[in-house]
Structures are given as structure tokens and as C-alpha cells.
Amino acid sequence: MNAGVPLSAQLINLFAAVILLLAFAMLAQRRVMPLINLFGLQGLVLAGSTLVVAVTTHQAHLYWSAGLTLLLKAMLLPWILHRLVRKLYVKWDVESLVNVPATMLIGIVLVIVAFNVAQPISLLSHTISRGTLGIALATVMLAFLMMITRTKAIPQVVGFLAMENGLFLAATSATYGMPMVVELGIALDVLVGVIILGVFFFQIRDQFDSLDISHMEHLKDG
Amino acid sequence: MSVGGFLGQLFAIALALVLAPLLTGWVNQCRAWLQNRSAPPLLQPYYMLHKLFRKDVVLARNASPLFRFAPFAVFGCMLLACAIIPSLSTDLPLAPAADTLALVGVFGLARIFISLAAMDVGTAFGSLGGRREMLVGFLAEPALLMVIFTLALISQSTSVATIVETLAHREIVIYPSLAFAGIAFTFVSLAENARVPVDNPATHLELTMIHEAMILEYSGRHLALIEWAASLKLYAYSCLGLALFFPWGIAERDNFLAMIAAAPLLLIKLGIGGCLLAAIETVNAKMRIFRAPEFLGTAFLLAVLGLLVRLLLEVRA
Amino acid sequence: MSSLLAIDFLLIAACLWLAVGLWGLAAPRNTRFIAKGLFPLGALIGLGVGVTALDFLGQSAETAILVIGLPTLPFHLRLDNLTAVFALLLGFASVGISIYAAGYFRKGEGAAPGLMCLQYHAFLTSMLMVLLADDAYAFMVAWEVMALSSFFLVTTDHRHEAIRSAGYLYLLIAHVGAIAILLAFGVMTSGSGDYTFAGMRAQELPPFWASAAFLLALVGFGAKAGLVPVHVWLPEAHPAAPSPVSAMMSGVMLKTAIYGLLRVSFDLVGTPLWWWGVVAMAVGLVTALFGVLYATVQSDMKRLLAYSSIENIGLLAVGIGLALIFHSFGMETLAALAMTAVLYHCLAHAGFKSLLFLCTGSVLHATRERSLGKLGGLIHRMPWVAWLALVGIIAGAGLPPLSGFVSEWLLLQAFLFSPGLPHSWLNMVVPVAAAVIALVAALAGFAMVKFYGIIFLGQMREPALKDAHDAGPWERGGLSWLTLLTLLLGVMPSTVIGLLDAATRQLLGTGLAARVRESGWWMLAPISEDRASYQPLIFLVTIVASVLLGRWLVRRLYHGRIRRSRAWDCGFFFEGPRAQDTAEGFSQPIRRIFEPVFRMARHFPTARDDQPYYSVKVEDHFWHWLYLPVARLAERISGLIVRVQGGRIAVYLMYSFLTLIVLLLVARP
């Protein structure tokens, strides 16, 4: 059945599956610090998968983006988030709007949806790793789900970043990566975004004495 | 049915009976070392079984015949399971008697008997244990079934022997789905064998017990049989896990010599597995009983993900 | 006699049943004669029905036309293999239940025994006629007689308010269902005016109308079978009825609805669309999960079993759905696998559920208690019932080597093939549905352990239980018969599948028998031996042998000494029966884990209570979501209609007169 599939494709599939697994682990995680660590790990695996694609296809810019991913997503961003958490004294449990098992079940449904939606698209692609497109889409959806179900700000930011991971995976798997300029731009955007959000966190906390974003509901007029 | 197969079958059963307490002893020893305690002798479970068999049975006054029948039934179920699971060879005359689904059924049957026996004397702890055992059971079974489904998708069969032969013969291919299923299977085995994150085999604090609470009223030969059956269950699950996920070295049909050669390999595999089990038990803390659904839910999730990933990546790619 | 066809035998049996019932009316108060004379006679006729059907299986269909019926539409009857399978079920199950009933009905309980006897046998006759009917009219007549006779049986004890309202609810939903079935038949005739089933088969319905017919049939037969959300009558009516009647309703009557669904969707309506299967499967999954979850939290033993019946009906619907899906994609072998699972489960469920209901009857007679919280330890006083019930619960929990496992195994095997479906959504969603089946099966084990453990094991929760007596010889006979069926169905699956094969071949054009026979009667390998196999007999023999051998060896090598003493209980002193789990306590984990599923009203004791108590009441969400709003709506509408009602005869006559005139004007040719 799987005979004839080259080792690189197998590795990419494995990495993609691990990324999906990590997305679920993040969805299930109740603590903030492990959540950030999981995100870092996801970045690491993503870098690994990009590297494999780079080695297989001999595309120089993919080496760059693998390195960039490693640096930015596996090291810099987790480090910034760690600092933020420590500075803000927010080592609380992550509160979730929906309980964890229910979130998981919704997650499974999303995975099925994503796999089916991605299937016709992946048939158009001719890359060795096109099968992972479904996984990439699922990762995006799960990250989105995480942003929806979490009440605190930091998990939401992690969700946002994880979504970007999913997009990146989609880009490498479907088209062997975006042009370098676009990639750099996105990386910069993400970095700047996190820094701005960090500043916002301090502002929010000063304002409400909490990072619970449900307080923002009171910001309406009247 | 060849003579070799018949001999192999008898040998497999005898080996299970002998090795199972040894495995338990080995796990206990490893755990003691890891926890900086002085370890009990490796053969401690045998001494215990022998002693228990010699002792009188003290029965509660209102224990019914079911209570006395249950240990034998549980033991019989576990023996059947050990006879079906290929430990050394896939050439087992009894193997067609049950595929993996029926194997789940055998474990379920044993669980029903032991839970009923726990409720029989009518003590607080007994019914508590029975209830919790059934709780763990109904959470573990769907996860186990999804693991089986994933494997059955890969090998196009639910028969254990065929799965093992398919997996042992394939070229080395990385199946992410198999990895997921493997982790899920580990979770399920921990729960089913009353191991640490879910239950604690060494506990003597009544309210935290599951397995131990069920067998509080047993003594003498009945207790011996139940302990032996518990060892057999651990052995059966270990062999099943090894056969499904590390099938290399298990002898094929009509090959008695290969079967002899498979024995040392099995011992090594079980030894490593026992060490890992002890390590898991040392590193983790027992969780609250109502965290068990999440633990087993995770196992279920992993197994389903394995199934889906299999369908997405490996069938269509 | 050779000139008589099998269908004639069945007709004679139906008449004989009716005659036996009428005979009971001749001596309505003579309990002894009716119980010990007529019910065994009924059992004998049941045996005849079963044997006739068994003998018939595999032959080509026979038809008959009765002289009674409408002038232009006499009753058409037809005996084909599908009918025969269900007649087999009816016959053999009724043998056990009737024998049991001979010992069960006693003086001074409920209605006059003669009346009971008539209702009971009319019920049997009507079920047989439902199976035999070959036109919509005969079917509906038999269907209604079945509903009515079972309604009267349910309300045998009509002095209780609760039983009356249960009966009322049953009648109401049965009729809503009947209307849906009638409409389904109406759609299937598609205006041709030919109400025979042969005529419906000949029709080629456009997809829209075919779907409408299927959905109507699903609702109609679902109402009889107890599919969610039209299940609410079932947990009310089953406990209200006398136990043999509950057994008959749960074991056999629910299956007539399954028969109807199979008849319509595979035989009458033409080529199925794949999404019908999805609908049936979704409804079935919800029903199964709902039923089993509610079964685990019940405190009344008969309600527990009733919910468990809902669960089993759900499993059957899932199987039918799967068969429909495979069938619509032309994968007939796999459809046959699922169909075999459905038919097998019908037989298995008829056996073990009747058995369990009859066991509750014996417990009820011996203790006058239905509440699990007041039972316990009955294995000491009622060993016969207890050990036979053990067989029932193992089968009910779907465990090898008994009957419930075979059908679950077949169903799961069918599920394993679903990734091969040529439809990208289905082949991902359907395998996951199998996990729900596994959860349901495991939860069924929980419910069954609760049922058995609380009734038969532990200490007696009430002192009065000490006087409980075991079942009498007739009751034992009935129970043993059903136990035997459960065992045989469990141990000889290949033989049984060989019998069912005729029906699957009739519905799908292919069966499993050829492959199953290849591998020998002791082995079940529906696809191939490498793919999957199961040998229940070896299973049973190995376990029994190791039990006996183990026992012998232990005694031989060591000793068999036993000392009796107080329970150890970790050295604590709460020795009384109160220390055991109550029925509520046992199901606490379920209530906690699946909290959103239940509508619970709980009372917790506080520190300041003088008389602290804990209570929990579990209700059905559907009452509050569906039934009460509908009832309120109905009340409001009838409130409007009240205005038309003046109370004067003249006005009413005028209404009739006006209607007549309008009709005449409208109907003018």
C-alpha cells in the first residue's frame, strides 16, 4: 500500500501528523507555560518538516525559511511569551468556555471537515507532500477553535500564532513555500504583532487588573 | 492443525503461565529501583502465589457461589487471551477462535465477572471497586476499538495473526497512524491493567483503589488465582502491544525452530517493556478518578486521529 | 397433509391462537385452567409457528388471499423469507414466554385471567398477521389490532393512575406512528390505487417521493420501535405491563417494527438513496447512546431494561442504516454483512431481553418490589432465576460467547469496511461512528452489571427479602427455554447465519452463507478466515475447561478448605446493607461524566438539615424540549376549538348538515 512512497514523503507526513497532534495537545492544555512550550515544539517540528522539504527539493529559499521558522517560532516567540507570562504574573490555569472533552470532540469534527475539504485541492497539487494539506487546514481550524474557546489573552495569542503555523505548513506542502519576500513579511508581521500584543497585555492588565478578556465586553458604549 | 502448531500452542500457554508472574515481579523490581527502594526478589510473585494457594480460604458469610466461581472464570478468560495472542509464533491452532474484537470481548467478560464478584459480598468498598472498574472499562473500550480499527485498516484484517504477519513483513515504512495507535494503546493498557495514572497496584488506601478494592474479600486460592490472572492480563496486553507494534522476531507458521529462537527475543522485549512501565509509573502521579475520563478520552482521540490520518495520508497518497 | 403449504400452517396457528384466547373467555375466572391449560397450549402453537417458519426458510414465497377484508381488496397474505425469519422469532420467543406465563398469572391479580388470555393471544395473532400481511390494508388492520391488544395488556392493572397514563401515552404515540405508516403506504401506491405490496414493488417512485415514503416509514415504525425522539412511551409502558407482556413487547413487538422498516426500505420502496442510510444511522446512534445512558441511571429494574431495549433498537437502526448505505453503493456483500448483523441481533435481543424481563417478573412476584434500591442478595434465595439471569446479562452486555456478541461482532466487521465507501465524507465519518457503537456496548455492560449486581448480589437491602422464593417449575421452564436459545444463538452462529441467509438473499440478492459454510459450523468467518474469524464454541469450551481443570488442579495440588467468617471490608465496621452502593450510587460516575445528557433534579443535604437526605431525579430532556411544548400547543388549539362547542344538539346537527352540503358541492362530478 505504502510501498514506493519515498522516505522524505513519509517523514513529512510524520511531521505533519505530529503537528496535528500538538495542535490537539494545545487545545487540551490547561496551563499557560506548557501551552507555550507546546507551541515552541510545534514550531520546531514545523522547521523540521520545512527542512525535509528543502533537502528533497533542493530549493535554497526553503532552507532559509526553515531556519527562520526555527529561530522565530521555536525560540524567539516562546521566549517572548515566557517573559510576558513571568512579568505579568499570569501563571493561572487556562480557562475555557467549553470543557475540554467537548472541545476535543468538536476538534475531531473539524479535522474530518478539514480533511474532506482539502482533498480535492490536494489532488490539484503535484508536490510530494500534498497529503499534508488537509492536516495544515485542520491545524488552522483547531487554532481558530482555541482562540474561540479561551477566555484569557495569552492563550488567544498562542492560538493566533499556531494558526500561522498551520498556514505555513499549508504553504510548504502545497507549493513548496511562498516566495521569500512574502515569507519574510509574514514573519515580521507575526513578530511585530506579538510585540504589540505584549504591550497591549500590560495596558489591559493596568486597566482591569486581569487579563480576562471577557472584561472587554464592558467597553461598549452606554 | 499440525503437530508443531499444537505443541507451539501448548508451549505458548505454558510460557504465559510461567512468565506472567515473572513479568509482574520484574516490573515491581524495576519500580523499586527507580524509587530508591530496596527491591523485592524477582521471584516474589511465585512465593506469594504458592503461599496463597496453601492458605485456607476465608469466605464472607454471605458470599454466594458466584463469588467462588468468578476467580476461576477470570483466570480462564485470561488464559484464553494469552493462548490467542501470538507471543512467540503466529501459528496457533486457537488463534482463529478470536480476532482482536473478540479479544476485547474476552477482557470484557473477565471484567464483568470480577465486578460482579466485587459486588457479591455487599461491602462498601466492593461495590465502589466494581463501579469504578466498569467506569474504566467503558472508557477504555472505545479507544481500544479505534486502535484496532486503525490496525485493521493497515492490514485489512482483524485477526491478530494476520495483522502481525502483515506488519512484520512490510518494508520499513513510517506510519504516523501506527505511532498514534501505539500511544493510544499504551494509555489503554495502563488503564486496563490498573496501572498508575489511573489506579495504583501498590495502594492500600481504600478510597483510591479500583482493582484492589474489588478483591478485598478474596483470600487463599481465590486471591492467588485473581493475582495470577492479573499478571496474565499484564502479560497478555504486553504481548499484544509487542505483537502489534514491534512484531519483528515472532515466528511464522510451521516453523518450530524459529519459535524457539523467538523466546529470548520475547524475553528481551518484555524486559524493556517492563522497565518502561515501571518508569511511567514512577514519573506519573495517580490522577483523580474523574480525571480518568480525560486520560482515556485522550487515548480515544489519539486513536481516532490515527485512523483519520491513516485515511488521509496513507490510503490516498 | 402435503397439500398444505407453510402459509396455511401459519394461518391455522393464528386461528388457533385466537381460538385459545376465546376459550379463555369461556371460563374467565378459572385461573387454574387458563394458566395451566391454555397458556401451555399457546406455547405449543408457538412452537408450531417457529418450526414451520424454520422449515420454510430458503423456499420460494407463498401467497394466499383471504375472503375477508374490503369488498374490492381482500386480505392478501404472503410468506417469504423475511417474514419467516421474524415468524421464527415470534414463534420461539412466544414458547418461552407462554410457558413462563403459565406459572406467572395467579388468582386475584389485575384483570380477569380469561380476558388477559384473550388479549394475550390476540396480541400473538396480530403480530403473526402483521408479518404475513401483503397489502397495506391487511397490514394496517393487523397493526392496529396489535397496538390495541397490547394497550389493553399494558393497562391490565388499570387501577393505578400511573399505569393508565402510561397506557394512554403508548396508545397516543402508537397512533401517531400508525398515521405515518399509513401515509408512507399512501405515498408508495402513488395514486395507482393498488394497495397490495406487489403493486408497490412495481411502482418506480421518483427520488423525492421515495425519500418521503422512507422517512415516513422511519417515523412510523420508529414510533413503534422506540427510536429517539418517539421513544417516550417505551420506558413508561414496559414497566407498567405484567412481565410476560413486557417480555413479549420488548422481545417481539419491537421487532415487528424493525420488520416493517426492513420491508419498506429494502423491498417496497425500490432503490434506496445513500443518505437514507445516513439518516437511519444517525438516528440509531443517538437512540443507542441515549438508551444506554438512561438505562444506566434507572432505579426501577423494568425501566432499566426498557431503556436497554431502546439502546438495542438503536443498534438495529444503525445496522439498517449501514446496510442501506452499502446497498445504495452496490456493495452487496457488505450490505449482506450488515443485514445479517441486524437480523441476528433481532433474534439475540428477542432471546435475552425476554429472558431478563421474565426474570424481573419472578423477582417482582417473590418480593413485590421493583425498585432496585430495595432489592439485593437474591442469588441466595432465588438461585435458578439468578443463574439464568446471569446468562441474560452476559448476552445483553454483548460479550462472548453468547448471542449479543455475535451480532455486535458482525456489525463492527461491517463498519470496518466502511472506509472503502466511494464517498469522501462517509468513509471518514462512518468508521468514527463505530466508536460510538463500542461505547454503547461497553456502557451496556455497565448497565447490566448494575442490574444484576444490585438485584441478585450483595446483602439484602430489606429484611422482607429473606422470605423471597425461587420461581416455580413453569417459570423455570420458560426461563430455561429462553436461556437455551440465547446459548444456541451464541455458540452456533454459522448455522444461524445459514438460516438467515435466505432473508438477506431475498432483500439484497446475496448472502453470507456460502462463505460461512466453507469454514465449518463451529467457525464464523463471514468474509475470509484471514480477515476475521470467531469460534464461540472453542471460546466456551476453553473457558469452561480451564475453569474445571483449574479447580481440579488446585484441589489436587493443594486443598479445598473453606472457612466462613465476617466480611473483611478492610477492617471497617459498617457491615449493614446500607454500606453498599445504592442504584443511584452505582450510576453516579455516569451522571457525572455525561451530565449534560440528563435533566437532573438533585437535592443535597446541608449541615443544618434535621433529617438530611440525598435525592436525585433524572428526567428525559425530550419531555421538556418536545412533548410538553407540543402538548401545550395542542391544548391551546383545543382552547380555540372550545369556542365552537356550544353544548346544544341543534348546533352540532347543523355543523354536520353544513359539512354534508359542502361535501356534496365539492364532490359533485
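Notes on the structure in this doc start here. (Residues numbered from 1 in each chain as written. Chains lettered and ligands numbered in written order. Predicted model: local features only at pLDDT ≥ 70, side-chain atom pairs only at ≥ 80, totals over all residues. Heavy atoms only, no water.)

**Some thoughts on the side chain of B:R31**
As for its placement among the helices and strands, B:R31 is situated in helix α1 (residues 3–34). Non-local contacts of B:R31, meaning those with residues more than four positions away in its chain, are made with B:R37, B:R195, B:P201, B:A202, B:A278, B:E281 and B:T282. (Helix = DSSP H or I, 4+ residues; strand = E, 2+ residues; numbered from the N terminus. Contact = heavy atoms within 4.5 Å.)

**Topic: the nonpolar core**
Within the largest apolar cluster, 424 residues are counted, with the highest numbers of intra-cluster contacts made by B:Y235, C:F139, C:F185, C:F415 and C:Y452. Leave out the neighbours within four places in its chain, and C:F185 touches C:A136, C:F139, C:M140, C:F197, C:M200, C:V264 and C:L268. Counting residues in each nonpolar core, the second largest holds 6 residues, with B:F125, B:L128, B:M209 and B:A213 among its members. (Core = buried A, V, L, I, M, F, W, Y, C linked by side-chain atoms within 4.5 Å. Buried < 20%, exposed > 50% of the residue type's maximum accessible area, 1.4 Å probe, protein only.)

**Section: the pattern of salt bridges**
All names here are of chain C. Tallied over the entire structure, the rule returns 19 salt bridges over all chains. For R201, the salt bridge is made with D267, and the minimal N-O distance between the two is 2.9 Å. Within this pair, whereas R201 is found in helix α7 (residues 197–202), its partner D267 is found in helix α10 (residues 243–268), the two being separated by 66 residues in sequence. Take R201: its relative accessible area is 27%, and that puts it in the partly exposed class. Counted as one network, the salt bridges with shared partners bring together R78, D80, R201, R263 and D267. (Salt bridge = Lys/Arg side-chain N within 4 Å of Asp/Glu carboxyl O.)

**Observations concerning the packing of helix α13 (residues 332–367) of chain C against helix α15 (residues 383–396) of chain C**
Residues and elements named next belong to chain C. The geometry of α13 relative to α15 is characterised by a closest axis approach of 9 Å and an angle of 145 degrees between their N-to-C directions. You can see that α13 and α15 cross each other, and the crossing is left-handed. Between α13, through F352, L355, L356, C359 and S362, and α15, the contact on the second element is made entirely by V385, L388, A389, G392, I393, A395 and G396. Residues of the contact of α13 with α15, tallied by class, amount to 9 nonpolar, 3 polar and no charged. (Axes fitted to C-alpha atoms, helices over the stretch in contact; angles between N-to-C directions. Left-handed = near helix turned anticlockwise from the far one by under 90°. Nonpolar A, V, L, I, M, F, W, Y, C, P; charged D, E, K, R; others polar.)

**Details of empty space enclosed by the protein**
On inspection of all chains with the given rule, the structure shows 11 cavities of 30 Å³ or more. By volume, the largest cavity amounts to about 250 Å³. Put simply, the parts of the chain that give the lining of the largest cavity at least two residues each are α4 (100–120) and α5 (124–155) of chain B together with α16 (403–416) and α17 (426–456) of chain C. It is α4(B) that contributes the most residues to the lining of the largest cavity, 6 residues altogether. Grouping the constituent residues of the lining of the largest cavity by class yields 14 nonpolar, 5 polar and 3 charged. (1 Å grid on protein atoms, 1.4 Å probe; cavity = no way out; pocket = protein on both sides within 12 Å on 5 of 7 lines; lining within 4 Å. Points joined across faces, edges and corners; volume = space filled by probe spheres on them.)

**Here's the deal with the packing of aromatic side chains**
Throughout the structure, instances matching the rule amount to 43 aromatic pairs over all chains. Between B:F69 and C:W387, the aromatic rings sit 6.4 Å apart at their centres with planes inclined by 80 degrees, giving edge-to-face as the arrangement. Of this pair, B:F69 sits in helix α3 (residues 65–84) while C:W387 sits in helix α15, placing the two residues on different chains. The interplanar angle of 50 degrees and the centroid separation of 5.6 Å between the aromatic rings of C:F604 and C:Y614 together place this pair among those described as tilted. Residue C:F604 is found in the loop between β4 (599–603) and β5 (615–619), and its partner C:Y614 is found in the loop between β4 and β5; the two are separated by 10 residues along the sequence. Its relative accessible area of 39% is what places C:Y614 among the partly exposed residues. Members of the aromatic cluster, connected to one another through ring pairs, are C:F290, C:Y294, C:Y307, C:F598, C:F622 and C:W625. Here C:K224 stacks its cationic end above the ring of C:W143, 5.6 Å away from the centre of that ring. A cation over a ring is seen here: C:R592 above B:F290, with NZ or CZ 4.0 Å from the ring centre. (Phe/Tyr/Trp six-rings, centres within 6.5 Å; stacked < 30°, edge-to-face > 60°. Lys NZ or Arg CZ within 6 Å of the ring centre and 35° of its normal.)

**Some points on a nonpolar patch on the surface**
All names here are of chain C. A cluster of nonpolar side chains, L633, I637, L640, I641, V644, Y652, M654, Y655 and L658, forms an exposed patch at the surface whose accessible area comes to about 810 Å². Secondary structure elements with two or more residues in the nonpolar patch: α24 (621–642) and α25 (649–666). Along the polypeptide, M654 turns up in helix α25. The exposure class of M654 is partly exposed, given its relative accessible area of 43%. (Patch = residues over 30% accessible without salt bridge, like charges linked within 9 Å, V, L, I, M, F, W, Y side chains within 5 Å. Areas by Shrake-Rupley, 256 points an atom, 1.4 Å probe, with all protein chains shown as cover.)

**A few points about helix α6 (residues 161–189) of chain C**
In this model α6(C) runs 42 Å from its N-terminal to its C-terminal C-alpha over 29 residues, within 8% of the 42 Å that 1.5 Å per residue would give. Among the residues trailing α6(C), C:S190 stands out with phi positive, at a value near 45 degrees. (Expected span 1.5 Å × (residues − 1).)

**Comments concerning the interface of chain C and chain B**
Tallying the contact residues gives 81 residues for chain C and 79 residues for chain B. The junction of chain C with chain B conceals about 7,100 Å² of combined surface from both sides, 70% of it contributed by carbon and sulfur atoms. Between the two partners, chain C and chain B, sit 2 salt bridges. Residue B:R131 is joined to C:D581 by a salt bridge in which the shortest nitrogen-to-oxygen separation is 2.6 Å. The interface formed by chain C and chain B holds 30 residue pairs in polar contact (both at pLDDT 80 or more) in total. Residue assignment for the side of chain C that touches chain B shows that the elements contributing at least two residues are α14 (378–381), α15, α16, α17, α21 (536–557), β3 (562–565), α22 (583–586) and α23 (588–593) of chain C. Looking at the side of chain C that touches chain B, its residues break down into 50 nonpolar, 19 polar and 12 charged. Pairing of strand β1 (residues 57–60) of chain B with β3(C) involves 4 bridges; the strand directions are parallel. By the bridge assignment, B:L59 is partnered in β3(C) with C:R564. (Buried area = accessible area lost by both parts, 1.4 Å probe. Polar contact = N/O pair within 3.5 Å; in protein donor to acceptor, adjacent residues only side chain to side chain. Pairing = 2+ DSSP bridges.)

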